[in-house]
Amino acid sequence: MYSVRCKYCGKRAVVSLRYAMLNLCGEHYLNYIISKVEKTIKRYRLVERSKRLLVAVSGGKDSSVLTHVLWSLKSKLDLEIVLFHLHLGLGEYSNKQERAVRELASLLAARPLIVVYAREILPGDGIPELALKVGRSTCSVCGAVKRYLMNVAAMAVRADAIATGHNTDDILAYFLKNLVFGGEEYSLKLTPRTEGLDGLAIARARPLYEVYERETLLYAILSKIPFVHEECPFRPERSIEEVNKDYLNRLEERAPGSKLRLARRFVSMVTGSESTIGEVLACRYCGMPSRSGVCTFCRLTSRVYGEPLGPKAVDIIKAKILESKT
Ligand code: AMP
Ligand code: ZN
Ligand code: ZN
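Residues numbered from 1 in each chain as written. Chains lettered and ligands numbered in written order. Predicted model: local features only at pLDDT ≥ 70, side-chain atom pairs only at ≥ 80, totals over all residues. Heavy atoms only, no water.

Labelled according to an unreviewed UniProt entry, the protein chain appears under the name Adenine nucleotide alpha hydrolase family protein, originating from Fervidicoccus fontis.

Structural notes on the overall build of the protein chain
What the protein chain contains, in helices and strands, is 13 helices and 10 strands. Taking all 326 residues of the protein chain together, 52% fall into the buried category. Residue pairs in contact within the protein chain that sit at least 24 positions apart in sequence constitute 68% of those at least 6 positions apart. Accessible surface, the protein chain as shown: approximately 16,400 Å² in total, 52% of it carbon and sulfur. Mean positive and mean negative side-chain charge positions of the protein chain (50 and 35 charges, respectively) differ by 4 Å. (Helix = DSSP H or I, 4+ residues; strand = E, 2+ residues; numbered from the N terminus. Buried < 20%, exposed > 50% of the residue type's maximum accessible area, 1.4 Å probe, protein only. Contact = heavy atoms within 4.5 Å. Areas by Shrake-Rupley, 256 points an atom, 1.4 Å probe, with all protein chains shown as cover. Lys, Arg positive; Asp, Glu negative; His and termini not counted. Charge placed at Lys NZ, Arg CZ, Asp CG, Glu CD.)

A closer look at the coordination of the zinc ion (ligand 2)
Looking at the metal site, the zinc ion (ligand 2) is ligated by Cys 6 (SG), Cys 9 (SG), Cys 25 (SG) and His 28 (ND1), spaced 2.0 to 2.3 Å from it. Around the zinc ion (ligand 2) sit four donor atoms; with metal-centred angles ranging over 99 to 115°, the donor geometry is tetrahedral. For Cys 6, a relative accessible area of 4% puts it in the buried group. (Donors = N, O, S within 2.8 Å, 3.2 Å for Na, K, Ca; no water. Tetrahedral: all angles 85-135°; square planar, octahedral: opposite > 155°, others 65-115°.)

Quick word on the UniProt feature "domain: 2-thiouridine synthetase TtuA-like N-terminal LIM" (unreviewed entry) in the protein chain
UniProt feature "domain: 2-thiouridine synthetase TtuA-like N-terminal LIM" (unreviewed entry): in the numbering of this structure it lies at residues 5-30. Its end C-alpha atoms 16 Å apart, residues 5-30 is made of 19% helix and 23% strand. (UniProt positions renumbered as here; feature names shortened; annotations may be inferred.)

Re the site of ligand 1
Taken together, 13 residues are adjacent to ligand 1, and Ala 56, Val 57, Leu 86, Lys 146 and Gly 165 come closest. Between Leu 86 and ligand 1, the recorded distance is 2.8 Å, taken from a backbone N or O atom to a nitrogen atom. Against a free-state accessible area of 480 Å², the protein chains account for coverage of 75% of ligand 1. Those elements that place two or more of their residues in the shell around ligand 1 are β4 (80-87) and α6 (138-156). (Near = heavy atom within 4 Å. Polar contact = N/O pair within 3.5 Å; in protein donor to acceptor, adjacent residues only side chain to side chain.)

A few points about the packing of aromatic side chains
If you walk through the whole model with that rule in mind, you get four aromatic pairs. Ring centres of Tyr 44 and Tyr 209 lie 5.8 Å apart, and the angle between their planes is 65°; this geometry places the pair in the edge-to-face category. Of the two residues, Tyr 44 is situated in the loop between α1 (26-43) and β3 (52-56) and Tyr 209 in the loop between β8 (203-205) and α9 (213-222); the sequence distance between them amounts to 165 residues. With respect to burial, Tyr 44 and Tyr 209 carry one shared label: buried. Measuring from ring centre to ring centre gives 4.3 Å for Tyr 148 and Phe 297, while their planes differ by 10°; the resulting arrangement is stacked. Remark: Phe 297 occurs in helix α12 (residues 296-305) and Tyr 148 occurs in helix α6; sequence separation between them is 149 residues. Across from the ring centre of Tyr 212, 5.7 Å away, lies the NZ or CZ of Lys 36, which sits over that ring. It is Lys 259 that lies over the ring of Tyr 212; its NZ or CZ is 4.4 Å from the centre. (Phe/Tyr/Trp six-rings, centres within 6.5 Å; stacked < 30°, edge-to-face > 60°. Lys NZ or Arg CZ within 6 Å of the ring centre and 35° of its normal.)

A closer look at the coordination of the zinc ion (ligand 3)
Octahedral metal centres with six donors ideally show angles of 90 or 180 degrees, and tetrahedral centres with four donors ideally show 109.5 degrees. Around the zinc ion (ligand 3), the protein contributes the donor atoms Cys 283 (SG), Cys 286 (SG), Cys 295 (SG) and Cys 298 (SG), at 2.2 to 2.4 Å from the metal centre. One can describe the donor arrangement at the zinc ion (ligand 3) as tetrahedral, given that its four donor atoms subtend angles of 103 to 116° at the metal. Each donor residue of the zinc ion (ligand 3) lies on one chain, and together they are spaced C-x2-C-x8-C-x2-C. Residue Cys 286 is located in the loop between β9 (281-282) and β10 (289-290), and its partner Cys 298 is located in helix α12; the two are separated by 12 residues in the primary sequence. Of the two residues, Cys 286 and Cys 298, neither departs from the other in class, the shared state being buried.

This is the structure we're talking about:
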């Protein structure tokens, strides 16, 4: 019986990438993704200056794949990798995420791994309790707390950039959403690299910029890395991003390579456009970036707990980093 063969070794192909007209066996598929990420890192100069990256690992497929891929490129690209995981206090889901991250780190013998618990910073509360107390959605509070704590950790380890697991589909879905509903300042956020602010915020790098969501899932399965299969229990039903992803996949089906083309066009559209960040000041409590002199995290926590918890977060994270070195 006829079976499709891997372009590189002639073994039976398990993957067919239509946009690249490429059939690959499992092993060559993993190599293909690794070299695609290497090209992305070079093309968009994701790790130009120093090469220390804080890799934000959630335990889901994308950031676990990111960790695995970067670990494979570590010596070739002379990278220094610090893994960072935030336990958000979302019940059993967060426990599973933490377990997956710890398993992955031990599988790769990757060190250091810094694990921060939302409950140790927000006196006893997880993200849902905090969200309830501030009267905002869990997702928006979660996003704000994650961004803040990642930034604190990255500053504390003097990382050159924070690497996140956003894939092509995430980026395009978000881009389309902001094109329709958001202000221009938001559509500028998810490029392969977002610059930091001197002494205040760390650059963001998105090495999976040109890796499709289906490709990260396949990589996670074929490489047999531990990851949490379920979606976050707080994820909204039928979000705009999800609708956009469906549309983009139908477009891709009809015209393979469309998502990649759109992702690249997006970069050329926003390159050279004015940054709309405006003036940024150091938070008077914790020193992290803010618009008004008090950062979002310190403002939020002052309101709920009667004191800004930024300085406590900074101390806890610094202590964990010191501990990880001993
Ligand atoms: P999300 O905002 O949940 O779509 O996640 C975007 C990226 O943020 C992921 O790909 C990870 O790199 C990072 N991230 C999300 N959740 C966590 C977490 N709990 N701990 C560390 N990094 C995270
Ligand atoms: Zn092969
Ligand atoms: Zn602050």
